[in-house]
Each structure stands twice: as C-alpha cells, then as structure tokens.
Amino acid sequence: AQKVTQAQTEISVVEKEDVTLDCVYETRDTTYYLFWYKQPPSGELVFLIRRNSFDEQNEISGRYSWNFQKSTSSFNFTITASQVVDSAVYFCALTLMNTGFQKLVFGTGTRLLVSP
Amino acid sequence: GAGVSQSPSNKVTEKGKDVELRCDPISGHTALYWYRQSLGQGLEFLIYFQGNSAPDKSGLPSDRFSAERTGGSVSTLTIQRTQQEDSAVYLCASSQAGDFGEKLFFGSGTQLSVL
C-alpha cells in the first residue's frame, strides 16, 4: 500500500523567513507522480507542482522550490522569504501510474502560519 | 463555469436522513473526483468518473454512499441514512482527461454536519 507522511503538523514562522515542508512517501511501485497542493482558508485545494518518478530534477518557481530525492523517498517543498499570504495547509500527495487514473493518496498536511 | 462549483456549501442534517451533495465541474472536463476530508481520516478518495461512467468506486465507505454523473457534467453524491461519522468536508475535483499527471481543480467543498 502507498503512504505519504508529512511529519510536521504545524509550522510557525515570521515573515521573510525561509521554511521547508517535508514529505516522505512509501511505495513499491516504480512509476508514480507526486504532487503538492495548497489549501487556503477558503477550502479549495490549489495545485502547486507535480513530479513523475522518472524526473528527479529539482524545480524553482519564484519563491517556491521543490527537492525530489528518490534515494530517500522525499519530495520536500521550500518557501523562500515567506509572506503572510503563504499561510495555509499544504498537502503532499502520490498517485501510482498503474491505477488507470489519478488516484491520490494524501499526507495529513502541514499547517503553515506566517506572522507579520 | 470558471471553476468547480459545489452546493450547498454547508449542510446540517439529522442522523438517519438522506443528503445530496452537488458538484458542477469545469466545462469540458471529462474526469471528476470526489474526496472526503475529515479530522480523523484526512483526505480520502471516494469515487472517480470518466464521462458518465464510474470505473472506480473503491473509496465509497459503505453502500449508503452512491454517486452519479449525468450528461458528462454535474455529479451528485448521495448519502442515505446519514451517521455522525459521515460528518466531513466533501470535496469535488475535475480535470481535463483524467491523466496521471494532470492537475486537479478542486471546489470549496460541502461541509456536512450530522447531528
């Protein structure tokens, strides 16, 4: 069975600090996709990034960056120079490629609080 | 529409009553998903539609739960004889074709409270 672990339940930082959200996944399958979603107080999950198991390249998008390491089964997310608007719950998720469709297994989420 | 729309946004019901939750996906999206978010279980997959067909209903917790999709668009999730453990936020999402790497577009959810 697949599992996604986000060990950090809640993180509090002050604006402009850098923060890293950890994600560790478990699967015996070799083909899969990993995702990060953001859930602001309004409730809808907003897509941030996807990575497939063939592509270990790290990615940077503005203040956001992601570090994918198959050797440690981790897909960590870093926010540089955090802002109050980054306050939300962040979810890491996994889908296998043998299910026929995208069937996400989510972690329990990390609540990020950024104070001014 | 511009985004995924869910109604009602909040539903309070009494134990034993039936409820219907509605999802209106983004126009043209063939794939539609229902997820449930609860304090105890986190985010769980319920059911997937491709067009009007539901190839995977494996996440439905019991036979009290059913869902349908008509015209390849609107979907309704029905919970019969609601129980207190059904209290949760029910989230609907859609995507263009249902491919593995597609991003899902989520609605804001229906908060269901069973008294």
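Below is a short write-up of the structure.

Conventions used here
Residues numbered from 1 in each chain as written. Chains lettered and ligands numbered in written order. Predicted model: local features only at pLDDT ≥ 70, side-chain atom pairs only at ≥ 80, totals over all residues. Heavy atoms only, no water. Salt bridge = Lys/Arg side-chain N within 4 Å of Asp/Glu carboxyl O. Buried < 20%, exposed > 50% of the residue type's maximum accessible area, 1.4 Å probe, protein only. Helix = DSSP H or I, 4+ residues; strand = E, 2+ residues; numbered from the N terminus. Phe/Tyr/Trp six-rings, centres within 6.5 Å; stacked < 30°, edge-to-face > 60°. Disulfide = S-S within 2.5 Å. Core = buried A, V, L, I, M, F, W, Y, C linked by side-chain atoms within 4.5 Å. Pairing = 2+ DSSP bridges. Axes fitted to C-alpha atoms, helices over the stretch in contact; angles between N-to-C directions. Contact = heavy atoms within 4.5 Å. Buried area = accessible area lost by both parts, 1.4 Å probe. Polar contact = N/O pair within 3.5 Å; in protein donor to acceptor, adjacent residues only side chain to side chain.

### As for the pattern of salt bridges
Phase 1 of the analysis: The full count for this structure, using the stated rule, is 7 salt bridges over all chains.
Phase 2 of the analysis: Taking the shortest distance from any N to any O, the salt bridge between Arg36 of chain B and Glu44 of chain B comes out at 3.2 Å.
Phase 3 of the analysis: A relative accessible area of 10% means that Arg36 of chain B is categorised as buried.
Phase 4 of the analysis: Taking the shortest distance from any N to any O, the salt bridge between Asp86 of chain B and Arg64 of chain B comes out at 2.8 Å. Taken together, the residues span a long stretch of sequence, with Asp86 of chain B in the loop between strand S8 (75–79) and strand S9 (88–95) and Arg64 of chain B in the loop between strand S6 (53–56) and strand S7 (65–69) at a distance of 22 residues.
Phase 5 of the analysis: When its relative accessible area of 2% is taken as the criterion, Asp86 of chain B is described as buried.
Phase 6 of the analysis: Salt bridges sharing partners connect three or more residues here, namely Arg51, Asp55 and Glu59 of chain A.

### Quick look at the packing of aromatic side chains
Phase 1 of the analysis: In the structure shown here, the tally under the stated rule is 21 aromatic pairs over all chains.
Phase 2 of the analysis: Plain terms: the ring middles of Phe35 of chain A and Phe47 of chain A are 6.4 Å apart, the flat faces sit at 70 degrees to each other, and that makes the pair edge-to-face. With Phe35 of chain A in strand S5 (residues 32–39) and Phe47 of chain A in strand S6 (residues 46–52), this residue pair connects regions lying 12 residues apart in the sequence. Phe47 of chain A matches Phe35 of chain A in its accessibility class, with the two residues each being buried.
Phase 3 of the analysis: Clustering of aromatic rings is evident, with ring pairs tying together Tyr33, Phe35, Tyr37, Phe47, Phe91, Phe101 and Phe106 of chain A together with Tyr33, Tyr35, Phe45, Tyr48 and Phe106 of chain B.

### Section: the state of the cysteines
Residues and elements named next belong to chain A.
Phase 1 of the analysis: This structure, assessed with the given rule, holds 2 disulfides over all chains.
Phase 2 of the analysis: Note on cysteine connectivity: Cys23 is disulfide-linked to Cys92, with sulfurs 2.0 Å apart. Across the S-S bond linking Cys23 and Cys92, the dihedral sits near -65 degrees, which makes this disulfide left-handed. Residue Cys23 is located in the loop between strand S3 (19–21) and strand S4 (24–26), and its partner Cys92 is located in strand S10 (residues 88–96); the two are separated by 69 residues in the primary sequence.
Phase 3 of the analysis: Classification of Cys23 as buried rests on a relative accessible area of 0%.

### Focus on the nonpolar core
Phase 1 of the analysis: With 25 residues, the main nonpolar core has Trp36, Trp66, Phe75, Phe77, Tyr90 and Leu112 of chain A as its most contacted residues.
Phase 2 of the analysis: Of all the secondary-structure elements, those providing two or more residues to this core are strand S2 (10–14), S3, S5, S6, strand S8 (64–69), strand S9 (74–79), S10 and strand S12 (110–115) of chain A.
Phase 3 of the analysis: With 5 residues, S10 of chain A is the largest single contributor of residues to this core.
Phase 4 of the analysis: By size, the runner-up hydrophobic cluster in this structure holds 22 residues, among which are Val89 of chain A together with Tyr33, Leu91 and Leu104 of chain B.

### Quick word on the sheet that holds strand S1 (residues 5–7) of chain B
Residues and elements named next belong to chain B.
Phase 1 of the analysis: Across the sheet, 4 strands lie side by side as S1-S3-S8-S7; this open sheet has antiparallel pairing. Two strands close off the open sheet at either side, each with one partner strand: S1 and S7. Looking at each pair of strands side by side, their axes are set apart by 15 degrees on average, direction ignored.
Phase 2 of the analysis: The pairing of S1 with strand S3 (residues 19–24) spans 3 bridges and is antiparallel. When the bridges of S3 are listed, Gln6 appears paired with Cys23.

### Some remarks on the interface of chain B and chain A
Phase 1 of the analysis: Contacts between the two partners involve 19 residues from chain B, matched on the other side by 22 residues from chain A.
Phase 2 of the analysis: When chain B packs against chain A, the two sides together hide about 1,700 Å² of surface, and 61% of this comes from carbon and sulfur.
Phase 3 of the analysis: On the chain B side of the contact with chain A, Leu43, Phe100 and Phe106 of chain B bury the most area, a combined 38% of that side's loss.
Phase 4 of the analysis: Here chain B is connected to chain A by 1 salt bridge.
Phase 5 of the analysis: Between the two partners, chain B and chain A, sit 9 residue pairs in polar contact (both at pLDDT 80 or more).
Phase 6 of the analysis: Secondary-structure elements contributing two or more residues to the side of chain B that touches chain A are strand S4 (31–38) and strand S5 (42–50) of chain B.

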